[in-house]
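# Structure assessment
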Amino acid sequence: MPDDVVSVQDFQKVYGDIKAVDGISFTVQRGEIFGLLGPNGAGKTTTMESLEGLRQPSSGSLHVLGVDPSRQPKTLHNLIGVQLQSSSLPGSMTPREAMEFFCAYHKVSARLDILERLGLGDKLGAQYEPLSTGLQRRLALSLAVAHEPPLVLLDEPTAGLDVASRVELHEVMLELQAKGTTIILATHDMAEAEKMAGRVAILLKGKIAATGSPAQLTATGKGLVKISVSSEDSSLLKSSIFFPAVAQRAIKDEYAVYYSHDAGETVPAVLNYLKEQKDRLIDLRVERPSLEDRFLEITEPDHINGAEQ
Amino acid sequence: MTAFLNHFMYDFRKGLRDKSLLMLNYLFPLGFYVLMGLLMTGLNPTFAATMIPAMILVAMMASTLLGLPNPVVESREAGIYRSFKINGIPALSIVSIPIISSLVHIFLVSLIITLTAGPLFNAGIPVSWFYFALILVLTAFTMASMGMLIGVISPNSRSIVLFSQSIFLPSMILGGLMVPASMLPEGLYRVSLLLPTSYAMNAWRGLAFGLDASFNPLWALLILLSSGLIAFILSIYLFNWDSKNRQSRHSPWLGMLSLLPYVLGAILLTN
């Protein structure tokens, strides 16, 4: 089998006059977690569903483990496991029935152990509809991986989940990756992408705006460091002074926020100013740019609310 | 085969587990049967002669025309069929399994009606059990295929009500269930021949119960079979996996073709 589990070349999907996806290309390698990021309407779900064989590309080529999803759907079914963003099961179906049902069509034995692993052991006989969102998501993930596919596509798998469920699903994804499963993860959650994905592609208006590892992406941004300062008399909030190396300034809650090219120059100047004003420092935070900052930089160049240049 | 059986067993259980399906498959037809048995046999003594097939037809229509389409539209809207497609579940299974499980529900209700209507309401008993069973299977298949077709071509629940009731209500009144079609005025008799129940009742009267038939009952069998096969094939042909991403470019109005045998029957059998 080729090392590129997924290969997308000049993929375009057009709906009437609207180009939902405009000639994107990327590859996903065996055993990696690849993140597809982008705002609503960027083309993530269209790309995912085309890889799953649910939509036909308007032009370009898509290959999943050497299979063309739109032409060889029967071969594709056993190679991929999918957790759709918007899908459901019959309301009266129980997790046990769902597992037996889908495994029978994949011609494998029902994997009740996976349901146990994902915390559905005591819900095997419960109907799907009354299950909580978290349990429904866990069931969807269980069904996606039950036939041990080499590629799993997850579309917003942790949306609407509580923190504990999210952490647990992340652990399951890492377990799958450790077993050699390749995962494509479409998500809005930048922290999730930064934590889980080895590489990401940021989609914007149907095109890939940036691609690389989260570390590479954050490094290739403007590289502004975020400095947040809160003081007793709020002298920084009342003042419009610009400190050395500061590119942008904003006010967030009780904090004056500075986006600086060089924290080493800015921080001492801020502290000196507070001393001069006889104002007492309450809190000072220096943060490196996150994937979310980089994402906002790409998708919304004027993202910093209330920012002054 | 395991997958097909597994799918069938789930679908059959769903027909008992789901409250609205339980109502349409069992509670409504059996309740209606008891009510009609108590009321109609007193009001109209001729009703008892064909009470068994008439009540079986009510059960069929409730289970198929009223019960089958809604889960199809709901499953499409909820994205259930998308999950099915990704997991390799063929359209043939999605269309045929609910039809088969409806047939089983219909047979169970028919068995209850057939076994109890004689002792309880002095209903007429078939003189040919072979034809009785044959017409039952054929009519149930045709009704179930039409119910599935309504689900496949309906974009939403409102359309289901329109399509289903446009067959169900006239069938109850004109379809030969309460009053023999031969007693209808000429104009209404022609209209009644647009309804599958008229053909089923005619076939049952002539072939299974030894009563007068309005026209050759073998024609009725042929028309029912033609309509059922057309509806079944169209259900697969027009099936859509996804309400948001319609891949079938065929007009849902093609579904009207399943009524063509009845139109021909209404034209040819009254001249």
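Residues numbered from 1 in each chain as written. Chains lettered and ligands numbered in written order. Predicted model: local features only at pLDDT ≥ 70, side-chain atom pairs only at ≥ 80, totals over all residues.

Attention now goes to the overall build of chain A. For chain A, the helix and strand inventory stands at eleven helices and 13 strands. In terms of overall dimensions, chain A has a C-alpha envelope of 75 × 45 × 35 Å along the principal axes. Each of the 309 residues in chain A was classed as buried or not, and the buried ones make up 40%. Taking the intrachain contacts of chain A between residues at least 6 apart in sequence as the baseline, contacts between residues at least 24 apart amount to 67%. (Helix = DSSP H or I, 4+ residues; strand = E, 2+ residues; numbered from the N terminus. Buried ≥ 20, exposed ≤ 12 C-beta atoms within 10 Å, placed from the backbone. Contact = placed C-beta atoms within 7 Å.)

Residue and element names in this part refer to chain B. Relative to the 18 Å expected for 13 residues at 1.5 Å per residue, helix α10 (residues 196–208) spans 17 Å between its end C-alpha atoms, a close match to the ideal helical length. With 13 of its 13 residues buried, α10 lies for the most part within the structure. Looking one or two places after α10, you find glycine 210, whose phi comes out positive at around 65°. (Expected span 1.5 Å × (residues − 1).)

A few words now on the interface of chain A and chain B. Every contact between the two is made by 21 residues of chain A and, on the other side, 21 residues of chain B. The element best represented in the side of chain A that touches chain B is helix α3 (residues 95–106) of chain A, accounting for seven residues.

For the rest of this paragraph, the subject is unusual backbone geometry. Excluding glycine, a negative phi dihedral is what most residues carry, and trans is how most peptide bonds are arranged. Residue and element names in this part refer to chain A. Backbone geometry at leucine 65 places phi at a positive 50°, although glycine is not the residue there. Inspection of the secondary structure puts leucine 65 in the loop between β4 (59–64) and α2 (73–76). Judged by the 19 C-beta atoms lying within 10 Å of it, leucine 65 is partly exposed. Although it is not a glycine, alanine 245 adopts a positive phi angle of roughly 70°. Residue position: alanine 245 is located in the loop between α9 (235–238) and β11 (246–252).

Residue and element names in this part refer to chain A. Topologically, methionine 196 is positioned in helix α7 (residues 190–196). With 92 residues separating them in the primary sequence, methionine 196 and arginine 288 have C-alpha atoms 19 Å apart. When residues no more than four places from it in sequence are discounted, the contact partners of methionine 196 are Ile33, His170, Met173 and Leu185.

Along its sequence, chain A is organised into domain 1 (4–217) and domain 2 (225–288). When each unit is reduced to the centre of its C-alpha atoms, the spacing between domain 1 of chain A and domain 2 of chain A is 43 Å. (Domains from an automatic or database assignment.)

Looking now at the packing of helix α2 (residues 19–43) of chain B against helix α3 (residues 51–66) of chain B. Residues and elements named next belong to chain B. At a minimum axis distance of 9 Å, the contact between α2 and α3 shows a crossing angle of 150°. The angle between α2 and α3 falls in the class roughly antiparallel. For the crossing formed where α2 meets α3, the hand is right-handed. Taking contact as the criterion, the partners of Leu24, Asn25, Phe28, Pro29, Phe32, Tyr33, Met36 and Gly37 in α2 are, on α3, Met51, Met55, Val58, Ala59, Ala62, Ser63 and Leu66. (Axes fitted to C-alpha atoms, helices over the stretch in contact; angles between N-to-C directions. Parallel < 35°, antiparallel > 145°, perpendicular 65-115°, else oblique. Left-handed = near helix turned anticlockwise from the far one by under 90°.)

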